[in-house]
Amino acid sequence: MTQSTVFLSVPDLPPLWPGESYSCHFGEYQSPALLTSSGVMCPSPDPSEAPELPREADHVSVSLELRFGTVVIAEASLSFYDCMAVTLLRPSAQCQACVRSLWGCNWCVWQHLCTHKALCDAGPMVVSRQSPPLSPAPPARDAPTSFPPTAPRATVALTPDALPVDTPSTATALDVPPGARPSLLSPRGPWAGPGPTPASASTGSPLHKAPPPPSPRQRPGTAVPAPTAFGPMATAEDLLASHPSPSDAAALPPALAEPGPEALPSAVPLDQPPSTAPATTFPGAAGSTKPALDWLMREGGELPEADEWTGGDTPAFSTSTLLSGDGDSAEHEGPPAPLILLSSLDYQYDTPGLWELEEMTLGAGSCPCVESVQGSSLMPVHVQREVRLLGRNLRLFQDSPGDHECVMELEGHEVVVEARVECELPPDTRCHVTCQQHQLSYEALQPELRVGLFLRRAGHLRVDSVDGLHVVLYDCSVGHEDCSRCQTAMPQYGCVWCKGKHPRCVAQEACGEAEAVVTQCPAPLIHSVEPLTGPVDGGTRVTIRGSNLGQHVQDVQDTVRVAGVPCAVDAQEYEVSSSLVCITGASGEEVAGAVTVEVPGRGRGVSEHDFAYQDPKVHSIFPARGPRAGGTNLTVHGSKLLTGRLEDIRVVVGDQPCHLLLEQQAEQLRCETSPHPTPATLPVAVWFGAAERRLHHSQFEYTSDPNVTSAGPAKSFLSGGREIWVRGQNLDVVQTPRIRVTVATRAPGPGQGLGWRHRVIPETACSPGASCGGLHFEEPCHVNNSQLITCRTPALPGLPEDPWVRVEFILENLVFDFATLNPTPFSYEADPTLQPLNPEDPTAPFRHKPGSVLSVEGENLDLAMSKEEVVAMIGDGPCMVKTLTRHHLYCEPPVEQPLPRHHALREVPDALPEFTVQMGNLRFSLGHVQYDGESPVAFPMAAQVGLGVGTSLLALGVIIIVLMYRRKSKQALRDYKKVQIQLENLESSVRDRCKKEFTDLMTEMTDLTSDLLGSGIPFLDYKVYAERVFFPGHQESPLHRDLGVPESRRPTVEQGLGQLSNLLNSKLFLIKFIHTLESQRTFSARDRAYVASLLTVALHGKLEYFTDILRTLLSDLVAQYVAKNPKLMLRRTETVVEKLLTNWMSICLYTFVRDSVGEPLYMLFRGIKHQVDKGPVDSVTGKAKYTLNDNRLLREDVEYRPLTLNALLAVGPGAGEAQGVPVKVLDCDTISQAKEKMLDQLYKGVPLAQRPDPRTLDVEWRSGVAGHLILSDEDVTSEVQGLWRRLNTLQHYKVPDGATVALVPCLTKHVLRESQDYVPGESLGTGTPMLEDVDEGGIRPWHLVKPSEEPEPPRPRRGSLRGGERERAKAIPEIYLTRLLSMKGTLQKFVDDLFQVILSTSRPVPLAVKYFFDLLDEQAQQHGISDQDTVHIWKTNSLPLRFWINIIKNPQFVFDVQTSDNMDAVFLVIAQTFMDACTLADHKLGRDSPINKLLYARDIPRYKRMVERYYADIRQTIPASDQEMNSILAELSRNYSGDLGVRVALHELYKYINKYYDQIITALEEDGTAQKMQLGYRLQQIAAAVENKVTDL
């Protein structure tokens, strides 16, 4: 166990003040640091805290840091090494590994020890070339000089950088980083200045870097340049330890151990900090007055005043704390302290014999080593042989204790034999090792075995040997089981066939007598023949196995016969003596016989079994067709079909292989067809090796693949058994369809979803995102016809906690995922439960009254089952299920009591039928049923006789009254149940209709989504969007007009408008201008909105300034309403600031609308359009079958049927194309309505502005070559009844399904009415009802429903009902109100998606919303408004009311789409629902409530919670600063301030300035600040420039 001292050379290290100290950190270990003249010295870690070596490593490195407090002054890497660990890395050559190590370890030959010591206790030593020589350098003869000053350096010099690690029974080693090899330093250090190096001057550190190992020319005894103390330029990685052990000091000559005073260094004073005592020094350091060697060699080796710098109680630099041996004790005899050589000292030794003792050799080449095996390395088993080895340097073991032995490693154990070593005379280092004779054997069944070999002495010490030293042990009997193979063994083995009691193949030495060696092998022997059949055509490969089947293929080349027919031997497949493969020749007929093999000169072998030539036949196949995807199980019928090898039998359909299945029979072969690229009819052939048999009378047809288009329903109970209907085409070509359910706990990846792109999935692949693990459950399916397959869902034992269920339909080689066939994901639901008919006593029969229905209670009854799928039976009679709800089942029993279902019970008298309910795989037995008789209870005659006349009459009357009451009660109960059943049937029918229409809509949306992938959502660009939001209701934007001034005055006017733009940048002028206009009575609400939009356009390029104006005006508005009723603020657009707020929100939220809200809003628009167009729409009244607005509900049943027309375009791009576009219309559509639908399809993806006007086109019906007919709404064929003319429809013209129609230019020009104002997106053809259009003769048009003679009062725009309409609504039949429910249920998902996106805070809320909401909170706080309801109303009026309602009601503001009155009515209901969700008032609904509000009565509370959460989440987010908002506003100004018509907007604004010129001038003159700013004067200048007005200028 050792502890060493490490010296750090840190030049110009700052001195310390009293109480301060440096410390050294060896990784986690800390030790005190003693200041020296050139650095510091630190004790290494205590032995108990030394780091442990890692496994299979010989050193460990730690970081050594010199610190002052927590400040790191210098850092280096220090390695702890172990010489003994080096030998463990290469156990076969431990001596070589030791002396070749980087750490300068030496090898003690006798002790078999790797050590860092310089001498061994006894015997010779092999010295590492890395070790420092024991002889010091010759002394320098230069005159002494003082220690030269050094400049401050950042480099750390560490001595040593490797210490022996403190581990039991180990040696020490040094870790040198790769590339950091020791380099030889000159006697002068890098710090040496000019002049000679002093012989007596002390260096900066008493320990030194070891020089490199001596070159080959530097043999022992030669002088090596003395090591020098490395200066600041040396690095820690260049260092090696150079501590000699005490035994090294003992081996030094006395001249070195006791030097004279003349050899000691002179004292050099140590620098001291001011006002401090002299620092403690140690002998040999600069400033020490004691000779260095005297201190190092004195008894005990203790450092004077050691406690002052170590702080411990034990000597810090004693013998036991420097170095240890390699696993041995630290106590040694001789000098008690190690010798430290100083590079500046001059030593001369005359001690003879140190290098002449011949006990030291240098380098790995001097290690004792066994190099090779002499002679052959082959050794036969069971034969005694000796092994000779060649070695070197083995004479070093002479006189060492212990004998030598050879060790052979044989099958995991050692075989030890004595060894004799004989060495050549020096200088020859070769030695010969003889391992005594020994007989070896092994158990492995292999011809050769490699046996490792090495030399060992003293019973356990392994001598070095080259890697892979071995002999080869061989066994002739392995692989040579018969005579022929024995004689073909490799000649170097010398194997012979030795006959005797047990004939065998052995080495010749192992065969006893000479006559026992066999020279002539016996005749062939055949053990087996495969196969035993083959076609008469020949070509069958027959494998013959046996023994003595020749020694060469030439021995049997032409001597093999199969049933007397020659069989050609395949030379490539021939194995000596043991097996051969031959190819049969053609026999011409069916024949059987033995197989013979003859070897010339040795006889012939005959098989025990005969080989039969057969002629197989192919008769038929089944089935005769299958899908081209393959996977059809094809059965080939015939005779002798198992002829030849089974692996040589192939079934081929055309050129495609049909893969044979496992079990086959001689009369039929079963195989699975391969895929084929196209449908085809192909011949079938069976190949038996090279022989072909074709099927001549029939062929196999590859048909088109089955295609599944839909599957449903999408739910099942856990018990399974629900019938899934799988629809498609070509389904009858599938033999064994299956349904597979996979249940896993992992959710599907992004690749799942509504995967309508990849519908067919290869069965062998695992689709993306799916879990290939999990549990699989399969059930067979039944093929009904080519378009329908029915599958029963498999039962599941249960569902995991987070289940993911995947349902697939396996059609041979095709797999269809349910998720691609149905928009609703498939799910398993909990099993239902049913209560017995008599819950109190289930064993008692239930008494049933004929004519009534059976009611059964339960749970989860309709979660995954419809009433049509439930099978209810009373005995053998069906109980028709009328209604199925979540908790009830109602069924109508047979009129008469049925018989029991089981025949055995029918013979039993009074046996009652049992009531059973079958739901999939679940079967419920709910008790027996007994029918009651209908005969009334007769009044007993005995009682009548016994009673008097009066009592009889009274009793009879009472009884009659009771019976009538009971009958009436039962009848009322039955009527109630029937009404309840009717209501539940009505609800069920509405629900089923919603599901069906939702499914149709989702299918349409699926096609729409695929269209959107190519064309995208038709968003309007920002300019059009802004114009439609700023100026709604205008035919075109007023900013598109010209200035309307003469060209001569245009420059002056434009200059004046520029001055006006600058004047608007004055906040005072703009505020005065707005307030002045608003104070004028003639300034209407429309004018306020118009001026606000003009100001928005004028200031669009300066949105920061625009926002500042908005804040100021809003603050004034809050002050006004606080004095009145604050809850009414922002409710209507009555002021300029309210319209400014609407425009500001529209600008700031445009990006959010495009990126987030656009998609769900467009999907809702398309969903509404699809639903409205799917049903009849009255072209005159504008009423539709499918709507959400009861005022727009078509309250009549109109018979219609859908048509698909083939539409052509005869004008514009694409005219004349032969291929038409399918268009879905209704036969009740007017020609104009059909024209609109045709234009939508023909111009899909074309902007509305580029589409032709519908009024310029006619619809032409084309039939045949010359049959062309122009269709129109009104013509001479129109039906006229009195004062009413019915508009023509497609049904009127009897246009059939699939007819071809074309849009052609009108023959007569239509005059467009100039007075009609254009609302963007409004239909020009069918949008406006034609009720007011009356011909000159008083003829009124009608379409679907003839209006009453009395005209209806004007319809309110909102969905509420007032006055007489409310009375009329009460009389609306239920069936028509269900249309509203159906429409609402169909669109529910799209409405929810839109509201969720608008009111979601999962994504970042637009900064403008957060900024404005914070502004409202700030205004409320400033004005002392603590009522949160008021702030909620403000926020609702500013965002939902001003922006979202506007966008929802007018999708044409965002998209390039065309709406109609019917769609506007639906959007109005949805917008009203959104507004109701944002309000705080609770709407109490009753019988008189508007139907539109009743539709969403259950949804509005949920929407309200979403709004409240939305407002709360915004309130809790981080406030938006003015800097952030201004940054976004500036970006919006840059991106969207294009040509919005600013100049025209300024000119329009000036018109209002001109109109109220005097009032504005007066307001500016009354304001002192405005006078100082000369605002009135500037306005007068503008007026003079724009209108050439004469002013007071």
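Residues numbered from 1 in each chain as written. Predicted model: local features only at pLDDT ≥ 70, side-chain atom pairs only at ≥ 80, totals over all residues. Heavy atoms only, no water.

### Some details on the overall build of the protein chain
From N to C terminus, the protein chain includes 31 helices and 70 strands. A separation of at least 24 residues holds for 72% of the contacts in the protein chain among residues at least 6 apart in sequence. Of the roughly 76900 Å² of accessible surface on the protein chain, a fraction of 52% belongs to carbon and sulfur atoms. (Helix = DSSP H or I, 4+ residues; strand = E, 2+ residues; numbered from the N terminus. Contact = heavy atoms within 4.5 Å. Areas by Shrake-Rupley, 256 points an atom, 1.4 Å probe, with all protein chains shown as cover.)

### Overview of the packing of helix H21 (residues 1407-1422) against helix H22 (residues 1428-1438)
Running from N to C, H21 and H22 cross one another at 145 degrees; their axes reach a closest spacing of 10 Å. The handedness of the crossing between H21 and H22 comes out as right-handed. Along its contact with H21, which presents Phe1412, Phe1413, Leu1416, Asp1417 and Ala1420, the element H22 presents Val1431, Trp1434, Lys1435 and Ser1438. Classifying every residue of the contact of H21 with H22 gives 6 nonpolar, 1 polar and 2 charged. (Axes fitted to C-alpha atoms, helices over the stretch in contact; angles between N-to-C directions. Left-handed = near helix turned anticlockwise from the far one by under 90°. Nonpolar A, V, L, I, M, F, W, Y, C, P; charged D, E, K, R; others polar.)

### Examining the pairing of strand E4 (residues 39-43)
For E4, the buried fraction is high: 5 of the 5 residues fall into the buried class. One ladder, built from 5 bridges, connects strand E1 (residues 5-9) with E4; its direction is antiparallel. Bridge pairing in E4 links Ser9 to Gly39. Where strand E3 (residues 29-35) folds back onto E4 in an antiparallel hairpin, the turn is made up of 3 residues. (Buried < 20%, exposed > 50% of the residue type's maximum accessible area, 1.4 Å probe, protein only. Pairing = 2+ DSSP bridges.)

### Observations concerning the sheet that holds strand E65 (residues 1257-1263)
Taken in spatial order, the 5 strands of this open sheet run E64-E63-E69-E65-E66, and their pairing is mixed. The sheet terminates laterally at strand E64 (1221-1226) and strand E66 (1267-1271), the two strands that pair on one side only. When the angles between neighbouring strand axes are averaged without regard to direction, this sheet yields 40 degrees. Pairing of E65 with E66 involves 5 bridges; the strand directions are antiparallel.

### So, the nonpolar core
By size, the foremost hydrophobic cluster in this structure holds 141 residues, and its most contacted members are Leu1064, Phe1073, Trp1144, Trp1444 and Ile1470. Top element by residues in this core is helix H17 (residues 1150-1174). It accounts for 11 residues. Listed in part, the 43 residues of the second largest apolar core include Cys367, Val370, Leu389 and Val463. (Core = buried A, V, L, I, M, F, W, Y, C linked by side-chain atoms within 4.5 Å.)

### Concerning the side chain of Thr533
Structurally, the position occupied by Thr533 is in strand E27 (residues 533-535). Those residues in contact with Thr533 that lie beyond four places of it in its chain are Thr540, Phe611, Ala612, Gln614, Leu642, Thr643 and Gly644.

### Points about the confidence of the model for the protein chain
Mean pLDDT over the protein chain: 77, with 75% of residues reaching 70 or higher. When the criterion is pLDDT under 50, residues 327-358 qualifies, and its contacts beyond four places in sequence or with other chains add up to 78 contacts. Confidence drops under pLDDT 50 across residues 767-771; counting only partners more than four residues distant or on other chains, this segment forms 17 contacts. (pLDDT = per-residue confidence, 0-100.)

### Brief notes about the state of the cysteines
In a disulfide, the sulfur atoms of two cysteines are held together by a covalent bond. Per the stated rule, a full pass over the model turns up 15 disulfides. Put simply, Cys406 and Cys435 are joined by a disulfide, and their sulfur atoms are 1.8 Å apart. Taking the sign of the S-S torsion, -70 degrees for the link of Cys406 and Cys435, the bridge is left-handed. Of the two residues, Cys406 sits in strand E16 (residues 404-410) while Cys435 sits in strand E18 (residues 430-439), which places them 29 residues apart along the sequence. Looking at Cys406, the relative accessible area reads 0%, which means it is buried. Between the sulfur atoms of Cys498 and its disulfide partner Cys511 the distance amounts to 2.1 Å. Between Cys498 and Cys511 the disulfide shows an S-S torsion of about 80 degrees. By sign, it is right-handed. With Cys498 in strand E23 (residues 495-498) and Cys511 in the loop between strand E24 (504-507) and strand E25 (517-518), the pair connects residues that are 13 residues apart, well separated along the chain. (Disulfide = S-S within 2.5 Å.)

### So, the pattern of salt bridges
Tallied over the full model, the rule gives 55 salt bridges. Notably, a salt bridge pairs Arg645 with Glu647, separated by 3.6 Å at the nearest N-O pair. Under the relative-accessibility criterion, Arg645 is labelled buried at 12%. The salt bridge involving Asp1392 is made with Arg1502; its shortest N-O contact spans 3.5 Å. Residue Asp1392 is located in helix H20 (residues 1374-1398), and its partner Arg1502 is located in helix H26 (residues 1500-1516); the two are separated by 110 residues in the primary sequence. For Arg1502, a relative accessible area of 30% gives the class partly exposed. One network of salt bridges, with partners in common, ties together Arg738, Arg740, Glu778, Arg806, Glu808 and Asp817. (Salt bridge = Lys/Arg side-chain N within 4 Å of Asp/Glu carboxyl O.)

### What about a nonpolar patch on the surface?
A surface patch of nonpolar side chains, about 230 Å² in accessible area, is lined by Phe68, Val71 and Ile73. Its place among the elements puts Val71 in strand E6 (residues 71-81). For Val71, a relative accessible area of 47% gives the class partly exposed. (Patch = residues over 30% accessible without salt bridge, like charges linked within 9 Å, V, L, I, M, F, W, Y side chains within 5 Å.)

### Some remarks on unusual backbone geometry
Cis geometry marks the peptide bond from Glu530 to Pro531; its omega dihedral reads -5 degrees. You can see Pro531 is positioned in the loop between strand E26 (525-530) and E27. A cis amide bond links Gly712 to the next residue, Pro713, at an omega of 0 degrees. Phi angles above zero are rare outside glycine, and Asn393 is one such case at about 60 degrees. On the secondary structure map, Asn393 appears in the loop between strand E15 (384-392) and E16. Positive phi is not limited to glycine here, since Lys1294 has a value of about 55 degrees. Residue position: Lys1294 is located in the loop between strand E68 (1284-1286) and strand E69 (1300-1305).

### Things to note about the packing of aromatic side chains
Applying the stated criterion across every chain yields a total of 29 aromatic pairs. Seen in terms of ring centroids, Trp1144 and Phe1412 are 6.0 Å apart; in terms of plane orientation they differ by 40 degrees. Their pairing is tilted. Here Phe1412 lies in helix H21 and Trp1144 lies in helix H16 (residues 1136-1148), a separation of 268 residues in the sequence. For the pair shown, Trp1144 and Phe1412 are each scored as buried. Through successive ring pairs, a cluster of aromatic residues spans Phe1030, Phe1031, Phe1083, Tyr1090, Tyr1552 and Tyr1556. Over the face of the ring belonging to Tyr1121 we find Lys1124, whose NZ or CZ atom lies 4.8 Å from the ring centre. A cation over a ring is seen here: Lys1174 above Tyr1186, with NZ or CZ 5.6 Å from the ring centre. (Phe/Tyr/Trp six-rings, centres within 6.5 Å; stacked < 30°, edge-to-face > 60°. Lys NZ or Arg CZ within 6 Å of the ring centre and 35° of its normal.)

### Comments concerning the sheet that holds strand E43 (residues 700-703)
Across a sheet, strands are paired by hydrogen bonds formed along the backbone, either parallel or antiparallel in direction. Across the sheet, 3 strands lie side by side as E35-E43-E40; this open sheet has mixed pairing. Looking at the sheet topology across the chains shown, the edges are occupied by strand E35 (625-627) and strand E40 (680-682). Across this sheet, the average inter-strand angle for adjacent strands is 25 degrees, counted without regard to direction. Note that E40 and E43 share 3 bridges and pair antiparallel. Each residue of the ladder has a partner; that of Ala680, found in E43, is Tyr702.

### Considering helix H15 (residues 1103-1123)
In this model H15 runs 30 Å from its N-terminal to its C-terminal C-alpha over 21 residues, within 8% of the 30 Å that 1.5 Å per residue would give. Regarding H15, the residues found buried are Leu1103, Tyr1105, Phe1106, Thr1107, Ile1109, Leu1110, Leu1113, Leu1114, Leu1117, Val1118 and Tyr1121. (Expected span 1.5 Å × (residues − 1).)

### Remarks on the environment of Ser710
Residue position: Ser710 is located in strand E44 (residues 707-712). Here the alpha-carbon distance between Ser710 and Asn822, two residues 112 residues apart in the chain, equals 6.2 Å. In contact with Ser710, not counting residues within four places along its chain, are Trp725, Val726, Arg727 and Leu821.

### A short note on the environment of Asp403
Among the secondary structure elements, Asp403 is positioned in the loop between E15 and E16. The exposure class of Asp403 is exposed, given its relative accessible area of 64%. Sequence separation of Asp403 and Arg457 is 54 residues, and the distance between their C-alpha atoms is 5.4 Å.

### Some thoughts on the pairing of strand E50 (residues 788-792)
Burial of E50 is extensive: 4 of the 5 residues sit out of reach of the surface. Where strand E46 (residues 723-729) lies against E50, 5 bridges are found, and the strand directions are antiparallel. Bridging from a neighbouring strand, Ile724 pairs with Cys791 of E50. One ladder, built from 4 bridges, connects strand E49 (residues 775-785) with E50; its direction is antiparallel. Its bridge partner being in E50, Val783 is matched across the sheet by Ile789. As consecutive antiparallel partners, E49 and E50 are separated by 2 residues.

### Brief notes about the packing of H16 against H21
Between H16 and H21, whose axes approach to 9 Å, the crossing angle comes to 145 degrees. On H21, the residues touching Leu1141, Trp1144, Met1145 and Cys1148 of H16 are Ala1408, Tyr1411 and Phe1412.

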